[in-house]
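Structure at a glance
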Amino acid sequence: MTIERPMFPPREIETYEPFATPDAFCEALVRIDRIGSCRRLVFAVTDHGIPGRPARAVVAKLVVPAELMAELAQMIAADRPEPGAAFARLPIDAVAH
């Protein structure tokens, strides 16, 4: 028995910000951790709080599917504000896998 699915055109997913998400200034990508099929990008700033002992303070951690890393790099290099095809193909629950 075959279950046929109706063919619908792909839907655009609306992006909205339900609450104010703060910006975090970052001056360095200090680490990329592997978390299963995802990567955690760890961003930091230099903290000069202790004289003579500057340190890096982590200000943001971003977890993304590994398959998007190349697309992110291309977007940054091309200074493109809009996502490319990789984001359009990513299922909503991609990180859950």
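Residues numbered from 1 in each chain as written. Predicted model: local features only at pLDDT ≥ 70, side-chain atom pairs only at ≥ 80, totals over all residues. Heavy atoms only, no water.

A word on the pairing of strand β2 (residues 38-47)
When a strand is regular, its side chains alternate between the sheet's two faces. Heads up, the rule is: Two strands make a pair as long as DSSP finds a minimum of two bridges between them. Counting from the N terminus, the helices are DSSP H or I runs at least four residues long and the strands are E runs at least two residues long.
Sheet topology places strand β1 (residues 28-35) next to β2; seven bridges connect them, and they run antiparallel. Counterpart to I32 in the pairing with β2 is L41. Counting the residues in the hairpin turn of β1 and β2 gives two residues, including G36, whose phi is positive at 60 degrees. Pairing geometry for β2 and strand β3 (residues 55-65), over ten bridges, is antiparallel. Looking across to β3, one finds that L41 is bridged to L62.

Examining the sheet that holds β1
This is how the line gets drawn: Lines fitted to C-alpha atoms define the axes, with helix axes restricted to the stretch in contact, and inter-axis angles between N-to-C directions lie between 0 and 180 degrees. A contact between two residues is defined here by any heavy atoms of the two lying within 4.5 Å.
On the basis of which strands lie adjacent, the open sheet formed by three strands has the order β1-β2-β3 and antiparallel pairing. Sheet topology places β1 and β3 at the edges, where each strand pairs with a single neighbour. Strand after strand, the sheet turns through a mean of 25 degrees between neighbouring axes, direction not considered. The strands touched by helix α1 (residues 69-78) within the sheet are β1, β2 and β3, with β3 carrying the most contacts at an inclination of about 120 degrees.

Some thoughts on the layout of surface pockets
Definition in use: Cavity: a set of points on a 1 Å grid over the protein atoms alone where a 1.4 Å probe fits but cannot get out. Pocket: an open set with protein on both sides within 12 Å along at least five of seven lines, its lining residues, like those of a cavity, having an atom within 4 Å of a point. Grid points are joined across faces, edges and corners, and a volume is the space filled by probe spheres set on the points. Polar here means any residue outside two lists: the nonpolar Ala, Val, Leu, Ile, Met, Phe, Trp, Tyr, Cys and Pro, and the charged Asp, Glu, Lys and Arg; Gly therefore counts as polar.
Counted as a void, the second largest pocket has a volume near 300 Å³. Lining the second largest pocket are twelve residues; nearest its centre among them are L41, F43, L62, L72 and I76. Every element with two or more residues in the lining of the second largest pocket is listed here: β2, β3 and α1. Element by element, the count of residues in the lining of the second largest pocket is highest for α1, at five residues. Each residue belonging to the lining of the second largest pocket can be placed in one class, and the counts come to twelve nonpolar, no polar and no charged.

Structural notes on the pattern of salt bridges
Let me state the cut-off plainly: When a carboxyl oxygen of Asp or Glu lies within 4 Å of a side-chain nitrogen of Lys or Arg, that pair is called a salt bridge. Type-normalised accessible area, obtained with a 1.4 Å probe on protein chains alone, sets the label of each residue: buried when under 20%, exposed when over 50%, and partly exposed for intermediate values.
In this structure the tally under the stated criterion is two salt bridges. Across the pair R31 and D33 runs a salt bridge whose closest N-O atoms are separated by 3.0 Å. Given the relative accessible area of 40%, R31 is considered partly exposed. Using a relative accessible area of 17% as the deciding quantity, one classes D33 as buried. Among the ionic contacts, a cluster of salt bridges with common partners joins R31, D33 and R40.

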